[in-house]
Amino acid sequence: MEPLTADGIVERIREIEQGVGRLSPMQKVLIGTDGSVTGLLEMATGHPVTITTLVQDIVAADTEAAAALDIEQGDEVNYRVVELKDGVTGEVLIYAVSCTPLRRLAPEFRQDLMRADIPIGRILRRHRIESRREITDARVVRAGADLARTFSVHRCEPMLSRKYRIIHREEPLIAIEEIFPCTAFTDEIRVLVDAPSRIHITLLDMNGTSGRVDGGVGVTLDEPGCVLDARKAAGIEVRGGDEEARRRVAGAARAAKETLGLPGGAEIALHAAARQHAGLGSGTQVALATAAALCRLYERDVSVCDLAKAVGRGGTSGIGTAAFEQGGFILDGGHRFGAPGGKQDFRPSAASRGVAPPPVLARHRFPEDWRILLVTPEVGTGAHGRGEVDIFRTHCPVPLDEVREVCHEVLMRMIPGLVEHDLDLFGSAVNRTQTLGFKKVEVGLQHPVVSSLLEATVQAGAAGAGLSSFGPTIYAVGDSGMQDVARAAKEVLGDRGGSVLLTRARNSGASVRGE
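Read on for an overview of the structure.

Conventions adopted
- Residues numbered from 1 in each chain as written.
- Predicted model: local features only at pLDDT ≥ 70, side-chain atom pairs only at ≥ 80, totals over all residues.
- Heavy atoms only, no water.
- Helix = DSSP H or I, 4+ residues; strand = E, 2+ residues; numbered from the N terminus.
- Buried < 20%, exposed > 50% of the residue type's maximum accessible area, 1.4 Å probe, protein only.
- Contact = heavy atoms within 4.5 Å.
- Areas by Shrake-Rupley, 256 points an atom, 1.4 Å probe, with all protein chains shown as cover.
- Lys, Arg positive; Asp, Glu negative; His and termini not counted.
- Charge placed at Lys NZ, Arg CZ, Asp CG, Glu CD.
- Salt bridge = Lys/Arg side-chain N within 4 Å of Asp/Glu carboxyl O.
- 1 Å grid on protein atoms, 1.4 Å probe; cavity = no way out; pocket = protein on both sides within 12 Å on 5 of 7 lines; lining within 4 Å.
- Points joined across faces, edges and corners; volume = space filled by probe spheres on them.
- Nonpolar A, V, L, I, M, F, W, Y, C, P; charged D, E, K, R; others polar.
- Pairing = 2+ DSSP bridges.
- Axes fitted to C-alpha atoms, helices over the stretch in contact; angles between N-to-C directions.

Counting its secondary structure elements, the protein contains 17 helices and 18 strands. Summarising its shape, the C-alpha atoms of the protein cover approximately 85 × 55 × 40 Å along the three principal directions. Burial statistics for the protein: of 515 residues in total, 55% are counted as buried. Sequence separation of 24 or more characterises 73% of the internal contacts of the protein that already satisfy a separation of 6 or more. Accessible surface, the protein: about 21500 Å² in total, of which carbon and sulfur atoms supply 48%. For the protein, the separation between the mean place of its 60 positive charges and that of its 68 negative charges on side chains is 4 Å.

Under the defined criterion, the tally for this structure stands at 34 salt bridges. Note that D137 and R12 form a salt bridge whose closest N and O atoms lie 2.4 Å from each other. Taken together, the residues D137 in strand β4 (residues 132-142) and R12 in helix α1 (residues 6-20) connect sequence positions 125 residues apart. Under the relative-accessibility criterion, D137 is labelled buried at 17%. Overall, the relative accessible area of 24% leaves R12 in the partly exposed class. With a closest N to O distance of 2.6 Å, E409 and R413 form a salt bridge. On the criterion of helical spacing, the pair formed by E409 and R413 is a turn pair, its members being four residues apart in helix α13 (residues 400-419). Of the residues examined, E409 reaches a relative accessible area of 7% and is grouped as buried. The exposure class assigned to R413 is partly exposed, which follows from its relative accessible area of 24%.

Another point: the layout of surface pockets. The computed volume of the second largest pocket comes to approximately 350 Å³. Considering the residues around the second largest pocket, the lining is formed by 18 residues, among which E64, A68, K163, A175 and E177 are closest to the centre. Counting residues per element, the ones that place at least two in the lining of the second largest pocket are α4 (63-69), β3 (92-101), β4, β5 (158-168) and β6 (171-181). Along the lines of polarity and charge, the residues of the lining of the second largest pocket split into nine nonpolar, two polar and seven charged.

Attention now goes to the sheet that holds strand β15 (residues 464-467). Strand order in the open sheet formed by four strands is β15-β16-β14-β17, and the pairing between neighbours is antiparallel. Every interior strand has two partners, whereas the edge strands, β15 and β17 (498-504), have only one. Ignoring which end each strand starts from, the neighbouring axes of this sheet average 20° apart. Relative to strand β16 (residues 474-478), strand β14 (residues 371-377) is paired through five bridges, and the arrangement is antiparallel. Residue pairing in the sheet places R371 in a bridge with G478 of β16.

Rendered as structure tokens:
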């Protein structure tokens, strides 16, 4: 394993900055130092650094550890996971994982290493061990569940990682990885937004003779979600995601800046987002997350409704906007239709700029023990753009008798099933809505594999299954036995491919925090 040269470290830092934005001087020092990190932290914070050991065990070296330490795979190593903390505030500063081959340790050194309260640098000084550090890697990693708990961050949040070896007598004595958040060790304000996606169960009234139109029901999802961060800049610069996602973020940022009169721009890093044009509301969440981040940066208190108007969302369905604001199961009341101040024709949200999000009529917590399976087959994207507009114009108005039945299913079966924790009643209402009104149109326009997935997931034990928005993502709802439902979905997908994700509802809206 070759160590990084000084130029190599500079190049790695440059690559990191291309992905997450500029690093602070302290972050660069922590990545590139070949000295004691504990000492640097104590100088930076002005407080003593303490150690909390999470794991201390003797294990067999895996392939990666063997390569890092120049030992045989299976050799015994001391595996240690610790948190370096601010000794005054208790804040976790760095998460560190180390591996040390036992056969290279003197008994006294090994005894100190196995203690839970001594940093490695201090052990080396105590035993007067002459050593040097070789940096072998520097990169960005995702937090995941463990680091998210450690640092109280989102599981998709980017973290800075560096790996190095302590060399003694020209042999690797210890291999270490140190990890800390991209938001740590910087004085620059950075706003992080974690926004949920949603499933859209059905639109209610695409007939319009009542004087209202649209209306809908949906459920906020725990994952996939949109995670981005932003910091002040003169213009608008976006990193992360694919080209279309970056274009969406940049467009939302410009719209928010101009519409809301914000004094500056932002450098935005998109870390995660639901698949676009798949029926999960990615466009709405990305746009609202971007607008919310800019408003927090410039200390502007703007309601979610006004954010939605600024970025042109919520003009048909209010589910995405309400999911961002409060989460849970949502019923919205649609828009006035055919009258001054209301909508004058049938069109999707993306083509309804200037139309305010509809009122939320009901919001309920979704049961914690109900699971939601998301299946997205590889059949191209759901309807969007001009194609989506044409579908609304061609297939609306839908028959009034179907609108009435949809409303009856939602009011007298779906919502009571949710409130009374009657999964079968809720699921049967979901199943019935797939054959009525505008949802019947959406299902009928799908690839045949979608209908096969709806049928297979219910037969495998889901209480109900439906197409989310224009798809192609389908969802299935159940409690126990959802692994069997997931296996059935994978069998239907076969060689076609696609994603299968078992998740839960999210009963809270977006998180917006500044650091």
